[in-house]
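Overview (structure and organization)
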Amino acid sequence: MDSPVRGRKGVGVNMGKYDKLLERILRGTSDADVGFDELRRLLLWLGFEQRIRGSHHLFTKPGIAEKINLQRDDGKAKPYQVRQVRNVIVQYKLGDQS
């Protein structure tokens, strides 16, 4: 049984769910089917800070030059924004949480 991830500002994502979502994003085969809240929680788990301006959810992290801007699209993240998140994860090796 998966236990909740601790020490990540109370995000409450369990490790199994995180692993599956990260794998799905890195695979790049279902960018149009990633939930907005899933992607938002993943970024928080990875240590990004969130600021909300209207419908824009802006994510920044020290040491990461790119700013990530997410907008909800009928409950899903927009595919080009999922690609942007994937590129940042790969470029900065953010999936290596061990």
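In this report, we go over the structure that sits alongside the text. Just so it is clear, the model here is predicted, and its values are computed rather than measured. (Residues numbered from 1 in each chain as written. Predicted model: local features only at pLDDT ≥ 70, side-chain atom pairs only at ≥ 80, totals over all residues. Heavy atoms only, no water.)

Adjacent strands of a sheet form backbone hydrogen bonds with each other and so pair up, either parallel or antiparallel. On the basis of which strands lie adjacent, the open sheet formed by 3 strands has the order β1-β2-β3 and antiparallel pairing. Looking at which strands have only one partner, the edges of the open sheet turn out to be β1 (49–53) and β3 (68–70). Sheet twist, expressed as the average angle between the axes of neighbouring strands with direction ignored, equals 25°. (Pairing = 2+ DSSP bridges. Helix = DSSP H or I, 4+ residues; strand = E, 2+ residues; numbered from the N terminus. Axes fitted to C-alpha atoms, helices over the stretch in contact; angles between N-to-C directions.)

What follows deals with the pairing of β1. Relative to strand β2 (residues 56–60), β1 is paired through 5 bridges, and the arrangement is antiparallel. Bridge pairing links Glu49 to Thr60 in β2. Turn length for the β1-β2 hairpin, with the two strands adjacent in sequence and antiparallel, is 2 residues, and the turn residue Gly54 shows positive phi of about 65°.

Ranked by size, the top nonpolar core spans 22 residues in total, and within it Leu39, Leu42, Leu46, Phe48, Ile68 and Leu70 carry the most contacts. Where this core is concerned, the elements lending two or more residues are α1 (15–27), α2 (36–45), β3 and α3 (79–91). Considering every element that reaches this core, the biggest residue donor is α2, with 5 residues. (Core = buried A, V, L, I, M, F, W, Y, C linked by side-chain atoms within 4.5 Å. Buried < 20%, exposed > 50% of the residue type's maximum accessible area, 1.4 Å probe, protein only.)

This next bit is on the side chain of Arg86. With respect to the helices and strands, Arg86 occurs in helix α3. Under the relative-accessibility criterion, Arg86 is labelled buried at 13%.

The subject of this paragraph is the packing of aromatic side chains. Considering all chains together, one arrives at 1 aromatic pair under this definition. Ring geometry for Tyr18 and Trp45: centres 3.9 Å apart, planes at 35°, overall tilted. A residue pair is termed long-range when its members are at least 10 positions apart, and Tyr18 in helix α1 and Trp45 in helix α2 qualify at 27 residues. With relative accessibility at 2%, the residue Tyr18 sits in the buried group. You can call Trp45 buried: its relative accessible area is 4%. A cation over a ring is seen here: Lys61 above Phe48, with NZ or CZ 5.8 Å from the ring centre. (Phe/Tyr/Trp six-rings, centres within 6.5 Å; stacked < 30°, edge-to-face > 60°. Lys NZ or Arg CZ within 6 Å of the ring centre and 35° of its normal.)

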